Amino acid sequence: NYNAILLNEDRIKFPKKSWKLNAGNKKLFGLDLLPLNPELIILVEGEVDAASIWQATEGKVFVVAIGGISISKNCFADFLKFFSGVKKPRILIIPDNDVAGRDNAQKLRDKFVNNYFPAVFKFLVEGTKKCDANDILTKHGDDKLAEIINNIIDNSQADFETVEEEIAKSRSEEHTSE
């Protein structure tokens, strides 16, 4: 579990730059906490956001931090390796809604889909004012963040089905062309 996360009350006392968790040399924070065949994984940019979602949902959703929206080639390769030989989980990308998040969410989604992972991206809030999971947790509490996450998951089902159909069609076309 994410025992290293500062509690809500403690976070307010420290500057945000101090919140980065000491994840050791882990490139994909939380990957080691996933069960063997998860149905859904939420990807976020930072460790604190992963821990915030985990806290708010009481560990009922699986969250991995990728160290920024522009996931490195090594991290992406590690992710692919982790899921080689098993059913690919649905990937729900929840980037920060800052410029980098908005500019790169589609690219990251496409990178996963091109590797046969059903992936979609959603933002926690509309608009362009920077907001991430930890911002919501510290300002509005666990219940509000959990409500937002659960709504995003529920509202993503049709998008996942569409992407899964696209992947199946792509695989079918590959097999026909061989």
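What you see is a predicted model; the values in this text were computed from it and never measured. (Residues numbered from 1 in each chain as written. Predicted model: local features only at pLDDT ≥ 70, side-chain atom pairs only at ≥ 80, totals over all residues. Heavy atoms only, no water.)

Draft legend 1. Spotlight on the overall build of the protein. Check the secondary structure of the protein and you find seven helices and four strands. Ordering the α and β elements of the protein from the N terminus gives α-β-α-β-α-β-α-β-α-α-α. The 178 residues of the protein split such that 45% are buried. Partitioning the contacts of the protein with sequence separation of at least 6, the portion at a separation of at least 24 is 74%. Carbon and sulfur atoms provide 51% of the accessible area of the protein, an area that totals close to 9800 Å². (Helix = DSSP H or I, 4+ residues; strand = E, 2+ residues; numbered from the N terminus. Buried < 20%, exposed > 50% of the residue type's maximum accessible area, 1.4 Å probe, protein only. Contact = heavy atoms within 4.5 Å. Areas by Shrake-Rupley, 256 points an atom, 1.4 Å probe, with all protein chains shown as cover.)

Draft legend 2. Geometry of helix H5 (residues 133-140). Here H5 has its buried residues at Ala 133, Asn 134, Asp 135, Ile 136 and Leu 137. Looking at where H5 begins, the residue whose side-chain oxygen comes 3.2 Å from the main-chain nitrogen of Asn 134 is Asp 132. Phi for Gly 141, located one or two positions after H5, is positive at around 95°. (Polar contact = N/O pair within 3.5 Å; in protein donor to acceptor, adjacent residues only side chain to side chain.)

Draft legend 3. Representation of the nonpolar core in the model. If you look at the biggest cluster of nonpolar residues, it comprises 46 residues, and the most contacted ones within it are Ile 42, Phe 79 and Phe 112. Per element, the largest residue contribution to this core is six residues, and it comes from helix H6 (residues 142-155). Those residues within four positions of Phe 79 in sequence are excluded, and the remaining contacts are Leu 28, Leu 31, Ile 41, Leu 43, Ile 91, Phe 112 and Phe 117. (Core = buried A, V, L, I, M, F, W, Y, C linked by side-chain atoms within 4.5 Å.)

Draft legend 4. Broad picture of the sheet that holds strand S2 (residues 63-65). Within the open sheet, the four strands sit side by side as S2-S1-S3-S4. Their pairing is parallel. The sheet is open, and its two edges are formed by S2 and strand S4 (119-121), each paired on a single side. With direction set aside, neighbouring strand axes in the sheet form an average angle of 25°. With three bridges connecting them, strand S3 (residues 90-93) and S4 associate as parallel partners. (Pairing = 2+ DSSP bridges. Axes fitted to C-alpha atoms, helices over the stretch in contact; angles between N-to-C directions.)

Draft legend 5. Structural detail: the pattern of salt bridges. On inspection of all chains with the given rule, the structure shows eight salt bridges. Of the charged contacts in the structure, one is a salt bridge between Asp 159 and Lys 122, with a shortest N-O distance of 2.5 Å. Of the two residues, Asp 159 sits in helix H7 (residues 157-177) while Lys 122 sits in the loop between S4 and H5, which places them 37 residues apart along the sequence. Residue Asp 159 is classed as partly exposed on the basis of its relative accessible area of 31%. Residue Lys 144 pairs with Glu 147 through a salt bridge whose shortest N-O separation is 3.8 Å. Here Glu 147 and Lys 144 lie together in helix H6, a separation of three residues that amounts to about one turn. Classification of Glu 147 by relative accessible area gives partly exposed; the value is 42%. (Salt bridge = Lys/Arg side-chain N within 4 Å of Asp/Glu carboxyl O.)

Draft legend 6. The arrangement of the packing of H5 against H6 in detail. The contact between H5 and H6 brings their axes to 7 Å, and the two run at 140°. With respect to each other, H5 and H6 are oriented oblique. Of the residues in H6, those touching H5 at Ala 133, Ile 136, Leu 137 and His 140 are Asp 142, Lys 144, Leu 145 and Ile 148. Counted by class, the contact of H5 with H6 contains five nonpolar, one polar and two charged residues. (Parallel < 35°, antiparallel > 145°, perpendicular 65-115°, else oblique. Nonpolar A, V, L, I, M, F, W, Y, C, P; charged D, E, K, R; others polar.)

Draft legend 7. Inspection of H6 at higher detail. Relative to the 20 Å expected for 14 residues at 1.5 Å per residue, H6 spans 20 Å between its end C-alpha atoms, a close match to the ideal helical length. Within H6, the full set of buried residues consists of Leu 145, Ala 146, Ile 148, Ile 149, Ile 152 and Ile 153. Burial along H6 is one-sided: seen end-on, the buried residues are contained in an arc of 160°. Turned more than 90 degrees off the buried face of H6, the exposed positions are Asp 143, Asp 154 and Asn 155. (Expected span 1.5 Å × (residues − 1). Arc of directions from axis to C-beta.)

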